[in-house]
Structures are given as C-alpha cells and as structure tokens.
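# Close look at the chain arrangement
Listed below, chain by chain, are the residues.
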Amino acid sequence: MASSSAQISASRRSAVIPSAFAPALGLPLVIWVAVVSGFLRFGGAVWDVSWHRTVGRDTFWSPPHLLLYAGVTISLIATCWALGEAASSPRLQLGPMWRMRGRVIPAAYGLAAVGAAIVLFSAPFDDLWHRIFGRDVDIWSVPHLVALFGNGVGAVGWLMAIR
C-alpha cells in the first residue's frame, strides 16, 4: 500500500521533493528522517552530559545544545511533511485516525507532532528556568523532564507509524 501512496503522491509533486511515504530500505522515507533526528537528539544529549561534566555549565547556544536543536528541527520537518501528505490523501493511510479541524490525520503522526511540540516548547521553558533559578545542578530539572517526556511521546508516535 505504501508504494501506491508514493505513486499517487509523486504524480502530484515535482521531481525535487520525494514522497514522504516512498519506501526506502523497507520503510517510508519520512521514518528514516525521523530516525536520523532521533540519533542527533540522542547524540546531543549524551554530548551535553559529557560537556557539563568536563567543561561545566553552559549557555543555551552551546555546541551540544545546537546538535539537540538540529535533531528537534529535523523531527519537526519530518512531522510536518508526514502530516501534510497524510492530510492530502487520508484514504491511503492505515491505523487509528484523529479528526482535527475537519481533517483526518493518522494518530501516529499526531502523536509525533505533539511530542515535537512539547520538546520545542521545553527550550524556552528551560531558558526561563535558568533565569529564575540559575544553572542546573544536574540534568533532572523540570524543563529537562518535560523535554524527555516530549521525546517519549514523539517516539511512541513514530513507532506507531511503522506498520
């Protein structure tokens, strides 16, 4: 079914932008983009913990944070890409669906979007937290837990998207 989705979507698009649901190594392309974003976020998080232990407390714009932000940005792009294509051809989608504002979207991509939004909004929350309470003593601050929760919600969504 994914190949028919890719063929229908590809007929309406220019050759520059591939279909989000075109199969690549057995999974839709958008899933691979989400996997890359997950590796970037994980790498940024591990690097950030190491950075805190060796360099000390840092700023909002430290290199590990930039890697995290790149992963979150790619995740948002993948989510918007999948939601856009799924909304334009809902009859080709499988799995549970959500009805939002007159459109039907797959619950998997809806959860991925909610998770990405939670992570996105945890960044300014983290900055505000540091302005009020100072730099974190450890990684388990409230804004970091919110970001971890958002990553978990997004991961559940992307795992649901794998059929």
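Above this text is the structure in question.
In this report, the structure presented in the accompanying data block is examined. (Residues numbered from 1 in each chain as written. Predicted model: local features only at pLDDT ≥ 70, side-chain atom pairs only at ≥ 80, totals over all residues. Heavy atoms only, no water.)

Glancing now at the nonpolar core. Core analysis: the largest hydrophobic core is formed by 15 residues, its most contacted members being Val 30, Ile 31, Ala 82, Tyr 109, Trp 158 and Ala 161. Of all the secondary-structure elements, those providing two or more residues to this core are helix H2 (29-54), helix H3 (63-88), helix H4 (107-133) and helix H5 (142-161). Considering every element that reaches this core, the biggest residue donor is H3, with 6 residues. (Core = buried A, V, L, I, M, F, W, Y, C linked by side-chain atoms within 4.5 Å. Buried < 20%, exposed > 50% of the residue type's maximum accessible area, 1.4 Å probe, protein only. Helix = DSSP H or I, 4+ residues; strand = E, 2+ residues; numbered from the N terminus.)

One pass over the full model with this rule turns up 1 salt bridge. For Asp 127, the salt bridge identified is with Arg 131, shortest N-O distance 3.1 Å. Here Arg 131 and Asp 127 lie together in helix H4, a separation of 4 residues that amounts to about one turn. Note on Arg 131: relative accessible area 66%, which makes it exposed. (Salt bridge = Lys/Arg side-chain N within 4 Å of Asp/Glu carboxyl O.)

Moving on to a nonpolar patch on the surface. A contiguous nonpolar patch, built from Leu 25, Trp 32, Val 35 and Phe 39 and spanning about 450 Å² of accessible area, is present on the exposed surface. Judged by its relative accessible area of 82%, Leu 25 is exposed. (Patch = residues over 30% accessible without salt bridge, like charges linked within 9 Å, V, L, I, M, F, W, Y side chains within 5 Å. Areas by Shrake-Rupley, 256 points an atom, 1.4 Å probe, with all protein chains shown as cover.)

When two helices pack together, their arrangement is captured by the angle between the axes and the distance separating the axes. Between H2 and H5, the shortest axis-to-axis distance is 11 Å and the interhelical angle comes to 155 degrees. When the axes of H2 and H5 are compared, the pair comes out roughly antiparallel. As for the relative orientation of H2 and H5, their crossing is left-handed in sense. Judged by residue contacts, Val 30, Ile 31, Ala 34 and Arg 41 of H2 engage Asn 151, Trp 158 and Ala 161 from H5. Each residue belonging to the contact of H2 with H5 can be placed in one class, and the counts come to 5 nonpolar, 1 polar and 1 charged. (Axes fitted to C-alpha atoms, helices over the stretch in contact; angles between N-to-C directions. Parallel < 35°, antiparallel > 145°, perpendicular 65-115°, else oblique. Left-handed = near helix turned anticlockwise from the far one by under 90°. Contact = heavy atoms within 4.5 Å. Nonpolar A, V, L, I, M, F, W, Y, C, P; charged D, E, K, R; others polar.)

Residue placement: Leu 145 occurs in helix H5. Between the C-alpha atom of Leu 145 and that of Ser 122, which follows or precedes it by 23 residues, the distance is 8.9 Å.

Here H2 spans 37 Å end to end across 26 residues, near enough to the 38 Å set by a 1.5 Å rise per residue. At its buried positions, H2 is contacted by strand E2 (27-28), H3, H4 and H5. (Expected span 1.5 Å × (residues − 1).)

Turning next to the pairing of strand E4 (residues 103-106). Within a regular beta strand, the side chains point alternately toward one face of the sheet and then the other, so they alternate between its two faces. When strand E3 (residues 97-100) meets E4, the two strands line up antiparallel, connected through 4 bridges. Bridge pairing in E4 places Met 97 opposite Pro 106. Linking E3 back to E4 in an antiparallel pair, the connection comprises 2 residues, with Arg 101 at a positive phi of about 50 degrees. (Pairing = 2+ DSSP bridges.)

Our next topic: the packing of H2 against H3. At their nearest, the axes of H2 and H3 sit 7 Å apart, and the two run at 160 degrees to each other. Taken together, the axes of H2 and H3 are roughly antiparallel relative to one another. Between H2 and H3 lies a crossing whose hand is left-handed. Residue composition of the contact of H2 with H3, by class: 18 nonpolar, 7 polar and 2 charged.

The next point concerns H4. Between its first and last C-alpha atoms H4 spans 37 Å; for 27 residues at 1.5 Å apiece the expected length is 39 Å, and the two agree. At Ala 123, H4 shows its largest bend, some 25 degrees, and a proline, Pro 124, comes one to four positions later. On its buried side, H4 packs onto H2, H3, E3, E4 and H5. Where H4 terminates, the next one or two residues include Gly 134, which has phi positive at roughly 85 degrees. (Bend = angle between axes of the 7 residues up to and from the residue.)

Before going further, it helps to spend a moment on the packing of aromatic side chains. Two aromatic rings, taken as a pair, are described by how far apart their centres are and by the angle between their planes. Counted by the stated rule, this structure contains 5 aromatic pairs. Both rings, one in Trp 47 and one in Trp 51, keep their centres 6.1 Å apart while their planes meet at 80 degrees; by these two values the pair is edge-to-face. Here the residue Trp 47 and the residue Trp 51 both occupy positions in helix H2, the gap between them amounting to 4 residues, near one helical turn. For Trp 47, a relative accessible area of 37% puts it in the partly exposed group. Measuring from centroid to centroid gives 5.8 Å for Tyr 109 and Trp 158, while their planes differ by 65 degrees, and the two rings are edge-to-face. Of the two residues, Tyr 109 sits in helix H4 while Trp 158 sits in helix H5, which places them 49 residues apart along the sequence. Taken together, Phe 125, Trp 129 and Phe 133 form an aromatic cluster joined through their ring pairs. (Phe/Tyr/Trp six-rings, centres within 6.5 Å; stacked < 30°, edge-to-face > 60°.)

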